[in-house]
Amino acid sequence: MKPMLCFDIDGTLRDNVHHEVCPSTLKALHMLKQAGYQMVISSGRGVDSLTKTGLMELIDWDGFVCNNGQIILDKNKKELFYAKMKESAVLETLKIAKELNFAVVLKSTTRVISKEPDEYVLESQRFFNNVIPPVGKYTGQSVDAMIVYGPKDYDYAPFLDIDGVNVLPGESTYADLTVAGFSKATGIHRLMEIYGNQEYIAFGDSMNDYEMFLHASLSVAMGQGNPRLKAIASYVTAPIDEDGIYKACLHLGLISESCG
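Described in the following lines is the structure provided in the data block. No experiment lies behind these values; they were computed from the predicted model shown.

The next thing to look at is the sheet that holds strand β3 (residues 63–66). Spatially, the 8 strands line up as an open sheet ordered β5-β4-β3-β2-β1-β11-β12-β13, and their pairing is mixed. Among the strands making up the open sheet, the edge pair consists of β5 (79–82) and β13 (235–236). Inspection of the sheet shows strand β11 (residues 200–204) paired to strand β12 (residues 218–221) by 4 bridges, in the parallel sense. The residue bridging Phe-203 from the neighbouring strand is Val-220, located in β12. Against the sheet, helix α5 (residues 184–195) engages β1 (4–7), β2 (39–42), β3, β4 (71–74), β5 and β11, with an angle of about 155° to β3.

Set out below in structure tokens:
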């Protein structure tokens, strides 16, 4: 059986400047699908955020791993698995963030941000082209995950000891806070069990792809990606805006020019 192909979104499938999928990437995706590969989006984005990108309709995907493994959807977008944050973790995160004057987005049915957007929120918004939610309060609502906004390259050390929370600093001015014990890798393995697959190839660019890379049979890091991720990758391809996905698929023999 061919390996499952798992793609991060931001900085991998689409760039962080124009927020578009380049023509060569789209060509590669269609060629891979025609070649019979199972193909999955594996993202830190929640389902609502992923839906707004329009990428769920880009090709006939075989599944979706969202919130870094906390939510899994099948090819029909039916929810297969869902893990939510503990109330104590949400409260502790908000307490620490308030002391640091950091904004927090609560990923929920209706997203809210804990305070008016500051420079860190705005820079991250430009990076992802996301809509900033309205200011609101935590009143005990179900929370899928959180985003904390701090300085570029900040280590988010004050949040590391919160029970039940995994901290994933991003490539911009933010960190994803997810439920401990789950990752893109755990989500992918759940989908592989469903589809009877034994291995996967991962494509990514940032440190929230680290666990996904560790458990992949092959891993492809984008040329503009995080140096620490590139250090563990099986192959480092060209940057996203230099046809990185297409060139990687050719290099690995997943597609060929003759099939284009």
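That was the structure; now back to the text.
So, on to the packing of aromatic side chains. All told, the structure shown has 9 aromatic pairs when counted by the stated rule. Judged by centre distance (6.2 Å) and plane angle (65°), the ring pair of Phe-7 and Trp-61 falls under edge-to-face. One end of the pair, Phe-7, is in strand β1; the other, Trp-61, is in the loop between α2 (47–53) and β3, and 54 residues separate them in sequence. Accessibility classification places Phe-7 together with Trp-61 in one group, the buried group. When the centroid spacing of 4.9 Å and the interplanar angle of 85° are considered together, the rings of Phe-127 and Phe-128 count as edge-to-face. Neither residue differs from the other here; Phe-127 and Phe-128 are each classed as buried. Among the aromatic residues, those joined into a cluster by ring pairs are Phe-102, Tyr-120, Tyr-154, Tyr-156 and Phe-159. The ring of Tyr-37 carries Lys-2 above its face, with NZ or CZ at 4.7 Å from the centroid. The ring of Phe-81 carries Arg-190 above its face, with NZ or CZ at 3.8 Å from the centroid.

Backbone geometry places Asn-68, a non-glycine residue, at a positive phi of 55°. Position of Asn-68 relative to the elements: it lies in the loop between β3 and β4. Backbone geometry at Asn-101 places phi at a positive 60°, although glycine is not the residue there. With respect to the secondary-structure elements, Asn-101 resides in the loop between α3 (87–100) and β6 (103–107).

In this section: the nonpolar core. Most often, soluble globular proteins keep nonpolar side chains buried together rather than apart. Within the largest apolar cluster, 43 residues are counted, with the highest numbers of intra-cluster contacts made by Met-85, Leu-106, Phe-159, Leu-177 and Tyr-200. With 5 residues, α3 is the single largest residue contributor to this core. In contact with Met-85, not counting residues within four places along its chain, are Val-90, Val-143, Asp-144, Ala-145, Met-146, Val-165, Leu-177, Thr-178 and Val-179. Counting 31 residues, the second largest nonpolar core, distinct from the first, contains Leu-29, Cys-66, Ile-240 and Cys-249.

This paragraph deals with the pattern of salt bridges. Going through the model one piece at a time under the given rule, you end up with 11 salt bridges. A salt bridge links Asp-8 to Lys-184, with the nearest nitrogen and oxygen atoms 3.1 Å apart. Here Asp-8 is found in the loop between β1 and α1 (23–34), whereas its partner Lys-184 is found in helix α5, with 176 residues between them in sequence. There is no split in this pair, since Asp-8 and Lys-184 are both buried. Of the charged contacts, one joins Asp-48 and Arg-111 as a salt bridge, the two residues approaching to 2.9 Å between their closest N and O atoms. Linking Asp-48 in helix α2 with Arg-111 in the loop between β6 and β7 (112–113), this pair joins segments that are 63 residues apart in sequence. Taking relative accessible area as the criterion, Asp-48 reaches 30% and is therefore assigned partly exposed. A residue is classified by how much of its surface remains accessible, and Arg-111, at 16% relative accessible area, is buried.

Criteria and thresholds
Residues numbered from 1 in each chain as written. Predicted model: local features only at pLDDT ≥ 70, side-chain atom pairs only at ≥ 80, totals over all residues. Heavy atoms only, no water. Pairing = 2+ DSSP bridges. Helix = DSSP H or I, 4+ residues; strand = E, 2+ residues; numbered from the N terminus. Contact = heavy atoms within 4.5 Å. Axes fitted to C-alpha atoms, helices over the stretch in contact; angles between N-to-C directions. Phe/Tyr/Trp six-rings, centres within 6.5 Å; stacked < 30°, edge-to-face > 60°. Buried < 20%, exposed > 50% of the residue type's maximum accessible area, 1.4 Å probe, protein only. Lys NZ or Arg CZ within 6 Å of the ring centre and 35° of its normal. Core = buried A, V, L, I, M, F, W, Y, C linked by side-chain atoms within 4.5 Å. Salt bridge = Lys/Arg side-chain N within 4 Å of Asp/Glu carboxyl O.

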